[in-house]
Amino acid sequence: MMNCLPHFVKGQVIKGFGRGSKDLGCPTANLPVEVVNSVPQELNTGVYYGFAQVEGDIVRKMVMSIGWNPFFKNKQKSMEVHIIHKFEADFYGKEMKIVILGYIRPEKDFSSMDALIAAIQDDIDQAKQKLDEAESIIFKNHEYFDS
């Protein structure tokens with residue numbers, strides 16, 4: 001899996017399931033199914049970290065889920081990106097570029113919504129820490145985000 005990282009992806013932000021902000025307190029930007037299907041098979045489902053940029057804005061830390069979200073029993077594989085920043089408005093329809101740098105954990109089911117929320121917060125904390133490391137931070141200024 002690590003052989004295909006870093007992995008660069010871009011796509012137009014689409015409406016997702018609407019539960020990130022509302023139910024989980026963790027807003028996500030979803031990418032279209034074509035983008036999800038273009039991810040190398042070597043990237044297992046699970047939680048990843050990296051950097052993201054929304055249409056020319058500054059590059060920010062992100063954590064993302066790739067998979068079926070077993071707790072919600074999704075029928076379609078998705079890529080849900082949580083940019084670690086509080087945005088004042090939605091950005092549906094805007095282009096988002098991401099670079100996936102590392103893997104945090106496999107996707108799994110949870111016994112309760114509270115357990116899922118706690119795991120998400122732990123994922124965010126791990127992503128923040130890993131993205132401050134020298135081998136990660138160099139990607140924040142990668143030329144990919146300038147094009």
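Predicted model only: the values in this text are computed from it and were never measured.

Draft legend 1. Representation of the nonpolar core in the model. The biggest cluster of nonpolar side chains holds 23 residues, and the ones touching the most others in it are Met 64, Met 79, Val 81, Met 96, Ile 98 and Ile 100. Mapped by element, the contributors of at least two residues to this core are helix H2 (33-38), strand E3 (46-54), strand E4 (60-67), strand E5 (78-83) and strand E6 (95-105). One finds Val 47, Ile 124, Ala 127 and Leu 131 within the second-largest nonpolar core, a separate group that totals 19 residues.

Draft legend 2. View of the sheet that holds E3. Sheet architecture is open: six strands sit in the order E1-E6-E3-E4-E5-E2, paired in antiparallel fashion. Unpaired on one side and paired on the other, strand E1 (7-12) and strand E2 (29-30) mark the two borders of the sheet. The sheet contact formed by E2 and E5 spans two bridges and is antiparallel. Opposite Asn 30, over in E5, you have Glu 80 as the bridge partner. This element, helix H3 (residues 113-131), spans E3, E4, E5 and E6 of the sheet and lies at about 130° to E4.

Draft legend 3. Structural view of the side chain of Arg 60. Mapped onto the elements of the fold, Arg 60 is located in strand E4. Exposure remark for Arg 60: the relative accessible area of 15% places this residue in the buried category. A polar contact of 3.3 Å, which involves the side chain of Arg 60, links it to the side chain of Asp 57.

Draft legend 4. How the structure looks around the pairing of E5. Among the six residues that make up E5, six are buried, leaving the element largely enclosed by the rest of the structure. Burial along E5 is two-sided: Ser 78, Glu 80 and His 82 facing one way and Met 79, Val 81 and Ile 83 facing the other are all buried. As judged from the six bridges shared by E4 and E5, these two strands associate in the antiparallel manner. Bridge pairing in E5 links Ile 66 to Met 79.

Draft legend 5. Local environment of unusual backbone geometry. Cis rather than trans, the peptide bond between Leu 5 and Pro 6 has omega equal to 5°. Residue position: Pro 6 is located in the segment before E1. The phi dihedral of Glu 55 falls on the positive side, at around 35°, and the residue is not glycine. Looking at the secondary structure, you find Glu 55 in the loop between E3 and E4. The exposure class assigned to Glu 55 is partly exposed, which follows from its relative accessible area of 48%.

Draft legend 6. Summary view of the packing of aromatic side chains. One pass over the structure, following the stated rule, counts four aromatic pairs. In textbook terms, an aromatic cluster arises when at least three aromatic residues are bridged by ring pairs, as seen for Phe 8, Tyr 144 and Phe 145. Directly above the aromatic system of Tyr 144 lies the positively charged group of Lys 97, at a separation of 5.3 Å from the ring centroid.

Draft legend 7. Region of interest: the side chain of Ser 136. Tracing the chain through its elements places Ser 136 in helix H4 (residues 134-137). Judged by relative accessible area, which is 4%, Ser 136 ranks as buried.

Draft legend 8. Local environment of H3. Between the first and last C-alpha of H3 there are 27 Å, a value that for 19 residues agrees with the 27 Å anticipated at 1.5 Å per step. Considered for burial, the residues of H3 that qualify are Leu 116, Ala 119, Ile 120, Asp 123, Ile 124, Ala 127 and Leu 131. Along the axis of H3, the buried residues cluster in a sector spanning 145°; they form a single face. Every exposed residue of H3 that faces more than 90 degrees away from the buried side is listed here: Asp 114 and Gln 129.

What counts, and where the lines are drawn
Residues numbered from 1 in each chain as written. Predicted model: local features only at pLDDT ≥ 70, side-chain atom pairs only at ≥ 80, totals over all residues. Heavy atoms only, no water. Core = buried A, V, L, I, M, F, W, Y, C linked by side-chain atoms within 4.5 Å. Buried < 20%, exposed > 50% of the residue type's maximum accessible area, 1.4 Å probe, protein only. Helix = DSSP H or I, 4+ residues; strand = E, 2+ residues; numbered from the N terminus. Pairing = 2+ DSSP bridges. Contact = heavy atoms within 4.5 Å. Axes fitted to C-alpha atoms, helices over the stretch in contact; angles between N-to-C directions. Polar contact = N/O pair within 3.5 Å; in protein donor to acceptor, adjacent residues only side chain to side chain. Phe/Tyr/Trp six-rings, centres within 6.5 Å; stacked < 30°, edge-to-face > 60°. Lys NZ or Arg CZ within 6 Å of the ring centre and 35° of its normal. Expected span 1.5 Å × (residues − 1). Arc of directions from axis to C-beta.

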